[in-house]
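One letter stands for each residue in the lines below.
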Amino acid sequence: MIEAKGLTKFYGKHPAIRGLTFHAQRGEIVGFLGPNGAGKTTTMRILTGYMPPSSGSARVAGFDVLEQSLEVRRRVGYLPETVPLYPEMSVREYLAFMGSLRHVDELEQRVGEAIEDVDLGSRADSFIGNLSKGLRQRVGLAQALLHRPEVLILDEPTIGLDPAQIIEVRRLIQELGKERTVLLSTHILSEAQQVCNRVLIINRGSIVAEDTPENLQAQLAGAERLSVRAAAGSAELSGLLRALPGVREVRPGAHDGEVEVSSAPGVDIRPRVARAVVEAGLDLLELRTIGISLEEVFLQLTQEEQAPPVAGSVDA
Amino acid sequence: MRNVWILARREFTHYFISPLAYVLSFFFFLVLGLVFYLSLSAGIAFGQIEPDGRVVIGWMVWILLLAITPFVTMRLIADEQRMGTLELLLTAPVRDWELILGKWLGSFGFLLLLLSVTWVYPLILHRMTQPGIDQGVLVAAYAGLVLLVAAMLAIGTLVSTLFSNPWAAAPVTAVVLLCLVILGNASATSEWARQVGFFQHYQTFYQGVIQVSDVAYYLSLTVFCLFLSTQVIQARRWR
C-alpha cells in the first residue's frame, strides 16, 4: 500500500531525508520513530502529495505520488503535525466542507459517523476555536477518517492529548489499522511499542533500523539482564554470581547488596542464581528480569549515527 | 469544477462571519450614500438634478474599490498559510488552479454583491428625473466596473499567495493597484504606460462604449494573475 524507494528531499543544500526505502502493507500499522528533525514530517508530506521528493519515488495505494498525485490524495487520510482547522467553523461544518472537497457520498451521515468515531458527539456543533487542544486533535483525526481512506498517515497523532485521550486514540488507531494501512510518526517509544506492528527508526534522514518492536528489542538487547538483591554486600554477591555458568557480566546495582547480572543470550539463569544465593547461606530478597526497553534501543541506534555520515554521491 | 464552487462558496460565506467585511461594507455604503445625498442636494439647490447615473459609480466607486480590494483579498491564501490549513487543501484532491479559481471567485462574489446594491442610486435618480437617465451608459459603466473588479481581485489573489501574513499582503496589493491607476492616469507618460494602466481602458466604458480591446485587457489581466498565482502555489510545493 505504501512503497517508498530511495526517497530524498533537500531543503536548499540541506538533506532532510536521504534514500528512504520502506514499505507498508494493508492491515499494518507502521511507526515512524525518530527524534525531532529526523525527517518524519518531510517523508509524510511527500507521501501525501504535499511536496515532491528531490529524487526517489513512492507509490501509495498503487499510485505514484508524483505522477498521479490526485489519485493518491483521494485515497489518503492525513493528519498533519499542526492540526489544520478553521476556528470559525463548527466541527460539523468543518467536516462537511472537507468531505465535500473529497466528494464523499452521503456526506451528512459520514460526518456523523466520523464524529462518533472520535467521540466528539457532544461537541459537534461547537466552534472549533472554542475546543481544547485534545478535542481539536480529534477533529483533525475525524477529518482524516472521513472519506474512509485506504491509507492513513498520521503525524504525531497523540501529541497534546491527556493520558485518557491517548489511550482512546491509540485504541482507535489499532481498530483502523485492521483493514487499512496506517503510517504514524511519534517520538514516544512506548507508543510505537504498543500500537505498531512494525517500527522504522529514522535518524538524520535515514532509516537506521526496521523490525517489529519485539525483535528490535531482542536484537539489540542480546542478553537477558537480572537484578538480584540479597542480604549481603555487593562484592560478596558479585563474586558468588560471577562464578556461575552462563553469567556473562555482573555489575553493582544502585544499592549495596544489589547487582545486575547479564547472561548469554537464550540462557535462563534465574534458577541457578536463586539456588546459588540460597546455598551460600544468604537470604535472597529480590530477583527480577530487566528487559532492555525500546528506549535504550532507540538511544543506542540514534547515537551510533551521531558521527556525520559521508554524503556520498547525492546531488543537491 | 465542482471543487471550485465548493471553495468559492466557503470563501463567500466566510465574508459574512468576519467583522472586517461588515466594516468594509459599512464604509463603502456610507461614503457612497453621502456622495449621492450631497449631489442630489446640490442638484435640488440649483434647481436641476443631473440625470447621470455615473454620479455614484464614477470616480468615487473607483477610490472605494481601490481602498477595500486589498482587505477583501488579503486573507485568501495568506491566511491559509498562516493557519497551516494550506497543507490541508494541498493534500486534498483539489488541483492548484481549482483552489486559486475558487478563492478568487468567492471574493468576486462578495464584491459583486456590494456592487449590485449600488444599483439603487441610479434607480432613485431615474425616478426623480425626466426623462430618466441614460441606461446604455449605465450598463456599459457597470460592465466596466465588473471587469475592473475581477482584475483587481486577481491581483490581490496573486499578492496573497506570496505572503503568510494577511496584513502584509494588504498594503502590497494597495501599492500595486495604485501604481496601475497612476500609470494609466498620467497623460504625460508614454503610450505604453497608458496601455498597461487601468484608467484608459475604463474611460471608454464610462462613455457608454464597450470595446473588445478593453474587455480583453481586463480579462487577460485577470487570467494572467490567476495563472501566476497557481504557479506560485506549485513553486511552493517544490521549495
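Focus: the overall build of chain B
Step number 1: A count of helical and extended segments in chain B gives 13 helices and zero strands.
Step number 2: N-terminal to C-terminal, the α/β element order of chain B is α-α-α-α-α-α-α-α-α-α-α-α-α.
Step number 3: Once the C-alpha set of chain B is aligned to its principal axes, its extents read approximately 65 × 45 × 30 Å.
Step number 4: Residue burial in chain B is summarised as follows: out of 239 residues, 41% are buried.

Describing the nonpolar core
Step number 1: Counting 133 residues, the largest nonpolar core has Ala142 of chain A together with Ala154 of chain B as the members making the most contacts within it.
Step number 2: Here the element with the most residues in this core is helix H9 (residues 135-161) of chain B; it accounts for 14 residues.
Step number 3: Every residue in contact with Ala154 of chain B, bar those within four places of it in the chain, is listed here: Trp104, Leu221, Thr222, Cys225 and Leu226 of chain B.
Step number 4: If you look at the next biggest cluster of nonpolar residues, it comprises 13 residues, including Ala230, Ala232, Leu240 and Val273 of chain A.

Quick word on the interface of chain B and chain A
Step number 1: Taken together, the contacts link 17 residues of chain B with 19 residues of chain A.
Step number 2: Elements supplying a minimum of two residues to the side of chain B that touches chain A: helix H1 (2-15), helix H6 (85-91) and helix H13 (212-238) of chain B.
Step number 3: Among the elements that take part in the side of chain B that touches chain A, H6 of chain B stands out by supplying five residues, more than any other.
Step number 4: For the side of chain B that touches chain A, the class distribution of residues is nine nonpolar, four polar and four charged.

Points about helix H4 (residues 59-73) of chain B
Residues and elements named next belong to chain B.
Step number 1: Under the 1.5 Å per step criterion, the end-to-end length of H4 is 21 Å for 15 residues, consistent within 8% with the ideal 21 Å.
Step number 2: Along H4, the largest kink reaches about 30 degrees and is centred on Ala67; proline Pro70 follows within four residues of it.
Step number 3: When we look at burial in H4, the residues that qualify are Val61, Leu64, Leu65, Ile68, Thr69, Pro70, Phe71, Val72 and Thr73.

Observations regarding the packing of H4 of chain B against H9 of chain B
All names here are of chain B.
Step number 1: Look at H4 against H9: their axes get within 9 Å of each other, and the N-to-C directions meet at 35 degrees. Considering only the axes of H4 and H9, their crossing is right-handed. Between H4, through Val61, Leu65, Thr69, Pro70, Val72 and Thr73, and H9, the contact on the second element is made entirely by Leu145, Val149, Met152, Leu153, Gly156, Thr157 and Ser160.
Step number 2: Among the residues forming the contact of H4 with H9, the class breakdown is eight nonpolar, five polar and no charged.

Thoughts on H9 of chain B
Step number 1: Spanning 27 residues, H9 of chain B covers 39 Å between terminal C-alpha atoms, matching the ideal 39 Å at 1.5 Å per step.
Step number 2: For H9 of chain B, the tally of buried residues reaches 19 of 27 residues, placing the bulk of the element in the interior.

Focus: the pairing of strand E8 (residues 181-186) of chain A
Looking along a regular strand, one sees side chains alternate from face to face of the sheet.
All names here are of chain A.
Step number 1: Within E8, six of the six residues are buried, which leaves it mostly tucked inside the rest of the structure.
Step number 2: With burial as the criterion, each face of E8 is covered, one bearing Thr181, Leu183 and Ser185 and the other bearing Val182, Leu184 and Thr186.
Step number 3: With five bridges connecting them, strand E7 (residues 151-155) and E8 associate as parallel partners. Across the sheet, the residue bridging to Leu154 is Leu184, located in E8.
Step number 4: At this point the chain moves from E7, through helix H6 (residues 163-176), to the parallel E8, and the crossover so formed is right-handed.

Structural notes on the sheet that holds strand E9 (residues 198-203) of chain A
Residues and elements named next belong to chain A.
Step number 1: What the six strands build is an open sheet, ordered E6-E7-E8-E3-E9-E10; its pairing is mixed. Two strands in the sheet have a free side with no partner beyond their single neighbour: strand E6 (76-79) and strand E10 (206-211). Put simply, the sheet's adjacent strands are angled 15 degrees from each other on average, direction ignored.
Step number 2: As paired elements, strand E3 (residues 29-33) and E8 share five bridges and run parallel to each other. Bridge pairing in E8 places Phe32 opposite Ser185.
Step number 3: Helix H1 (residues 40-47) contacts E3, E7, E8 and E9 of the sheet and is inclined by roughly 150 degrees relative to E7.
Step number 4: Relative to E8, H6 is tilted by about 150 degrees, and along the sheet it contacts E3, E7 and E8.

Description of the sheet that holds strand E4 (residues 55-60) of chain A
All names here are of chain A.
Step number 1: Taken in spatial order, the four strands of this open sheet run E2-E1-E4-E5, and their pairing is antiparallel. Bordering the open sheet on either side are strand E2 (14-24) and strand E5 (63-64), each of which pairs with just one other strand.
Step number 2: One ladder, built from two bridges, connects E4 with E5; its direction is antiparallel. For Val60, the partnering residue across the bridge sits in E5 and is Phe63.
Step number 3: Where H1 meets the sheet, it contacts strand E1 (2-11), E2 and E4, and its direction lies at approximately 120 degrees from that of E1.

Description of the environment of Leu161 of chain A
Step number 1: The residue Leu161 of chain A is located in the loop between E7 and H6 in this model.
Step number 2: Residues in contact with Leu161 of chain A, not counting those within four places in the same chain, are Gly134, Gln137, Ile166 and Val169 of chain A.

So, the confidence of the model for chain B
All names here are of chain B.
Step number 1: Averaged over every residue, the pLDDT of chain B is 88; residues scoring 70 or more account for 95%.
Step number 2: At the level of individual helices and strands, chain B shows its lowest average pLDDT in helix H3 (residues 54-57), which scores 68, and its highest in helix H7 (residues 96-117), which scores 95.
Step number 3: Interface predicted TM-score (ipTM) for the complex: 0.88; the corresponding pTM is 0.83.

Observations regarding unusual backbone geometry
Residues and elements named next belong to chain A.
Step number 1: Non-glycine residue His103 carries a positive phi angle of around 55 degrees.
Step number 2: On the secondary structure map, His103 appears in the loop between helix H3 (91-101) and helix H4 (107-117).
Step number 3: With 13 C-beta atoms counted inside 10 Å, the residue His103 sits in the partly exposed group.
Step number 4: Of note, the phi angle at Arg204 is positive, near 50 degrees, even though the residue is not glycine.
Step number 5: As for its placement among the helices and strands, Arg204 is situated in the loop between E9 and E10.

Rules behind the numbers
Residues numbered from 1 in each chain as written. Chains lettered and ligands numbered in written order. Predicted model: local features only at pLDDT ≥ 70, side-chain atom pairs only at ≥ 80, totals over all residues. Helix = DSSP H or I, 4+ residues; strand = E, 2+ residues; numbered from the N terminus. Buried ≥ 20, exposed ≤ 12 C-beta atoms within 10 Å, placed from the backbone. Core = buried A, V, L, I, M, F, W, Y, C linked by C-beta atoms within 7 Å. Contact = placed C-beta atoms within 7 Å. Nonpolar A, V, L, I, M, F, W, Y, C, P; charged D, E, K, R; others polar. Expected span 1.5 Å × (residues − 1). Bend = angle between axes of the 7 residues up to and from the residue. Axes fitted to C-alpha atoms, helices over the stretch in contact; angles between N-to-C directions. Left-handed = near helix turned anticlockwise from the far one by under 90°. Pairing = 2+ DSSP bridges. Right-handed = clockwise from strand over helix to strand, strands pointing away. pLDDT = per-residue confidence, 0-100.

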